[in-house]
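# Structural description and commentary
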Amino acid sequence: MSDVFAQAPAQSARPTVFFDGVSSRKRQVTVTLGDALEICEEGGTPLRWAYAEIRRADSPPGILRLAATSAPPLARLEIRDAMLAADVTARCMHLDEHRTTRRGVAKIVGWSVAAAVSIVCVVLFGVPLAADRLAPLVPKPVERRIGDAAEVQMKTIFGRSVCEDAAGKAAFTKLVNRLRDAAGLDDAMTAGVLPTSLPNAFALPGGKVFVLKGLLDKAENPDELAGILAHELGHLKHYDNMRGLIYNGGTSFLIGLLFGDVTGSSAVIFASRSLVEASYSREAETGADTFAIEIMHKLGRSPKPAAELMFRITGKERGSGLTTILASHPLTEDRLARMTKEDRPASGPPLLTDREWQALKGICGSGKV
């Protein structure tokens, strides 16, 4: 067959489009098929492509688009003449050699699945391990700067200044200092009460703890508030804030890498990240509860009042199935049951006197929040 091709060169009946891969100019050329495919532009030097190096490129119906392994990567020849296209196809024995076979597809799928499994394993095991190792190594000045930035945001949401009633502040400082000393934290730790009716408390990087006035209003005795504060000190002691930042950043990156940046992926990424973060958050909360139990026992007080306060605020929670699995905190009922088991008769002095407790309750003054 090759002898016939050599004796009777074929030529395109009409000009063919050629892109040289160097410029974007569309060239009208004539194609001749002899011992090689010859591309010739009027007034130009012929360009020869050996049949063995010609490969098919993606093209719309009715066009045979060709590339060559020896030509620039973007060089393309577009043949619209059906007879010439058939002749070229017959001469080019390796036209589709570069195309993916079923075996190649299976190989690609296999490697893709392996990569996805690897990312999932890193998210579930590698990132938490890295967060645990790296969080204590974050320099204190860096952690304080992060905490300062978070404090500005929290004060914008919950009140720009902490409550400053002198007697109440003195009582609050006494309570915090007793808990801080029992927890083994340094003097750099700070705490304050923010004037908002929401019943909550939180810890920030850099040794910052804030109690919201709503929580103080709900508390009926110093032990209830002390247990909550001890819980937040547990987060500081375990570097939970920094661990969370490292974990969330790593998780977001890896899950984004897994799902890619496609339409609708943000919702998938958010749901996936929430799923894997839930167990990590529960672990941190359970650890902080354990720390609070230890601190209250160390002070000769019971941890049970703190759980009773949480139960009084949230009410009875009924969780089953996914709602329990996805809960970022242990259920209040479970926490109450656990701390009830740890209940012991008071063996230490009261954390505050009745007078100090009343002063602390009025730390934000009598104005409405």
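Structure: above.
Described in the following lines is the structure provided in the data block. Here the structure is a predicted model, which means the values were calculated and not measured. (Residues numbered from 1 in each chain as written. Predicted model: local features only at pLDDT ≥ 70, side-chain atom pairs only at ≥ 80, totals over all residues. Heavy atoms only, no water.)

What follows concerns the packing of aromatic side chains. Under the counting rule described, the total for this entry stands at two aromatic pairs. Between the aromatic rings of Phe18 and Trp49, the centroid separation amounts to 6.0 Å while the plane-to-plane angle is 65°, which identifies the pairing as edge-to-face. Residue Phe18 is found in strand S2 (residues 16-19), and its partner Trp49 is found in strand S5 (residues 47-49); the two are separated by 31 residues along the sequence. Since its relative accessible area comes to 1%, Trp49 is described here as buried. Measuring from centroid to centroid gives 5.8 Å for Phe202 and Phe210, while their planes differ by 40°, and the two rings are tilted. (Phe/Tyr/Trp six-rings, centres within 6.5 Å; stacked < 30°, edge-to-face > 60°. Helix = DSSP H or I, 4+ residues; strand = E, 2+ residues; numbered from the N terminus. Buried < 20%, exposed > 50% of the residue type's maximum accessible area, 1.4 Å probe, protein only.)

Below, the discussion takes up empty space enclosed by the protein. In this approach a probe as big as a water molecule rolls over the atoms, and the regions it shows empty are the leftover space. Within this structure, the stated rule accounts for one cavity of 30 Å³ or more. The calculated volume of the largest cavity comes to roughly 30 Å³. Lining the largest cavity we find Glu143, Leu204, Pro205, His235, Leu236, Tyr239, Asp240, Asn241 and Met242. Broken down by secondary-structure element, the contributors of at least two residues to the lining of the largest cavity are helix H7 (222-237) and helix H8 (240-259). Considering every element that reaches the lining of the largest cavity, the biggest residue donor is H8, with three residues. In terms of residue class, the lining of the largest cavity is made up of five nonpolar, two polar and two charged. (1 Å grid on protein atoms, 1.4 Å probe; cavity = no way out; pocket = protein on both sides within 12 Å on 5 of 7 lines; lining within 4 Å. Points joined across faces, edges and corners; volume = space filled by probe spheres on them. Nonpolar A, V, L, I, M, F, W, Y, C, P; charged D, E, K, R; others polar.)

A word on the sheet that holds strand S11 (residues 208-212). Reading across the sheet, the three strands line up as S9-S11-S10 and stay open at both edges, with mixed pairing between neighbours. Two strands lie at the open edges of the sheet, namely strand S9 (190-194) and strand S10 (201-204), each paired on one side alone. Going from strand to strand, the sheet's axes swing by 20° on average, the running direction of each strand aside. Looking at chain direction, S9 and S11 are connected through five bridges and run parallel. Note on S11: the bridge partner recorded for Gly192 is Phe210. (Pairing = 2+ DSSP bridges. Axes fitted to C-alpha atoms, helices over the stretch in contact; angles between N-to-C directions.)

Taken by themselves, the reported measurements are silent on function.
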